[in-house]
Every structure is written in C-alpha cells, then in structure tokens.
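Given next are the chains, with one letter for each unit.
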Amino acid sequence: LDHEAIRKIARKELEELNERAGVRERDLRLTFSDDLIDVIATEGFDEQYGARHLQRTIEQMVVGELANTLLDRPELEGNTLLVDYQNDRLHLQPTS
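Q: It is not clear to me how unusual backbone geometry should be interpreted in this structure. Could you clarify?
A: Excluding glycine, most residues fall at negative phi; most peptide bonds, likewise, are trans. One non-glycine residue, Asp27, lies in positive phi territory at about 55°. Counting through the fold element by element, Asp27 comes out in the loop between helix 2 (21-25) and strand 1 (29-32). Judged by its relative accessible area of 55%, Asp27 falls in the exposed class. Even without being a glycine, Asn87 presents a positive backbone phi close to 50°.

Q: Help me understand the environment of Val62 in this model?
A: Of note, Val62 is situated in helix 4 (residues 54-72). Taking the C-alpha atoms as reference, Val62 lies 9.6 Å from Leu17; in sequence the two are 45 residues apart. Residues in contact with Val62, not counting those within four places in the same chain, are Leu14, Leu17, Leu36, Ile40, Thr57, Val83 and Leu90.

Q: I'm lost on helix 4 in this one. Help?
A: The periodicity of an α-helix, 3.6 residues per turn, causes residues three or four places apart in sequence to face the same way. The terminal C-alpha atoms of helix 4, which comprises 19 residues, lie 26 Å apart, in line with the 27 Å expected from a rise of 1.5 Å per residue. Largest kink in helix 4: about 35°, centred on Gln60. Looking only at helix 4, the buried set comprises Leu54, Thr57, Ile58, Met61, Val62, Val63, Leu66, Thr69 and Leu70. Contacts made by the buried residues of helix 4 are with helix 1 (3-15), strand 1, helix 3 (34-43), strand 2 (80-86) and strand 3 (89-94).

Q: Could you clarify how one ought to interpret the packing of helix 1 against helix 3 in this entry?
A: Packed helices, taken two at a time, are described by the angle their axes make and the gap between the axes. Two elements in contact, helix 1 and helix 3, have axes separated by 9 Å at closest approach and are oriented at 110°. Classified by the angle their axes make, helix 1 and helix 3 are roughly perpendicular. Taken together, the residues of helix 3 that come into contact with helix 1 (itself represented by His3, Ile6, Arg7, Ala10, Arg11 and Leu14) are Asp34, Leu36, Ile37, Asp38, Ile40, Ala41 and Thr42. In the contact of helix 1 with helix 3, the residues fall into seven nonpolar, two polar and four charged.

Q: What is the right way to look at the packing of helix 3 against helix 4 in this model?
A: Running from N to C, helix 3 and helix 4 point in directions that differ by 130°, and their axes come no closer than 9 Å. With respect to helix 4, the element helix 3 is oriented oblique. Crossing hand, helix 3 versus helix 4: right-handed. Residues Leu36, Val39, Ile40, Ala41 and Glu43 of helix 3 form the contact with helix 4, whose participating residues are Leu54, Thr57, Ile58, Met61 and Val62. Looking at the contact of helix 3 with helix 4 residue by residue, the class counts come to eight nonpolar, one polar and one charged.

Q: What exactly am I supposed to notice about the sheet that holds strand 2 here?
A: Sheet strands line up and pair through hydrogen bonds in the backbone, either parallel or antiparallel. Strand order in the open sheet formed by three strands is 1-2-3, with mixed pairing between adjacent strands. For this open sheet the edge positions go to strand 1 and strand 3, each flanked by a neighbour on one side alone. Neighbouring strand axes in the sheet, compared pairwise and without regard to direction, differ in orientation by 30° on average. With six bridges connecting them, strand 2 and strand 3 associate as antiparallel partners.

Criteria and thresholds
- Residues numbered from 1 in each chain as written.
- Predicted model: local features only at pLDDT ≥ 70, side-chain atom pairs only at ≥ 80, totals over all residues.
- Heavy atoms only, no water.
- Helix = DSSP H or I, 4+ residues; strand = E, 2+ residues; numbered from the N terminus.
- Buried < 20%, exposed > 50% of the residue type's maximum accessible area, 1.4 Å probe, protein only.
- Contact = heavy atoms within 4.5 Å.
- Expected span 1.5 Å × (residues − 1).
- Bend = angle between axes of the 7 residues up to and from the residue.
- Axes fitted to C-alpha atoms, helices over the stretch in contact; angles between N-to-C directions.
- Parallel < 35°, antiparallel > 145°, perpendicular 65-115°, else oblique.
- Nonpolar A, V, L, I, M, F, W, Y, C, P; charged D, E, K, R; others polar.
- Left-handed = near helix turned anticlockwise from the far one by under 90°.
- Pairing = 2+ DSSP bridges.

Written out as structure tokens, the structure is:
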C-alpha cells in the first residue's frame, strides 16, 4: 500500500469514531486534521502486517485522550471538534 492509500484508510477509521455511542450521546461531531491523519498513517502501518495496526494506533493515540478530555471538559458537548496532533500531543479544538 502506498502512503495515500494508508491515509485514506486512517481517515475512514477515524471517521468511524463519530458513530461511537459516547460521541453521539454528547452530540459531538469530530473532524480530523491532516497532521493527525499523517501521524496515524505512519504509526499504524507496518511493512510486514500492512494497515492492521491502524485501529490499535487510533485507540492508543486518540480514543483514550478524547475520553479523558471529554470527562474533564463537559462544556465541549454539542460542538464540532477538530482533533489535531501537534508537538507530540493530541489537541481538541471546538470549531462551532
């Protein structure tokens, strides 16, 4: 798989986070920066196993941090959030 194909798979997997019950119950819409998609595509791809590790990478890098942030910042409920990756950290920024 080339890098662009891996990015498309990573974007699709990230978009599926919008279907999770916790996201829907909080009336959230998640969008994802190109930087985050690049990091997920790079970290979640293995030459030997292909894109099989993408979901695990998303769970490790995004889901846990997202859950913690939403618990600490309930005021984010009902917003569209840009999920970004900068300076080796996940960042959530309301866009609406």
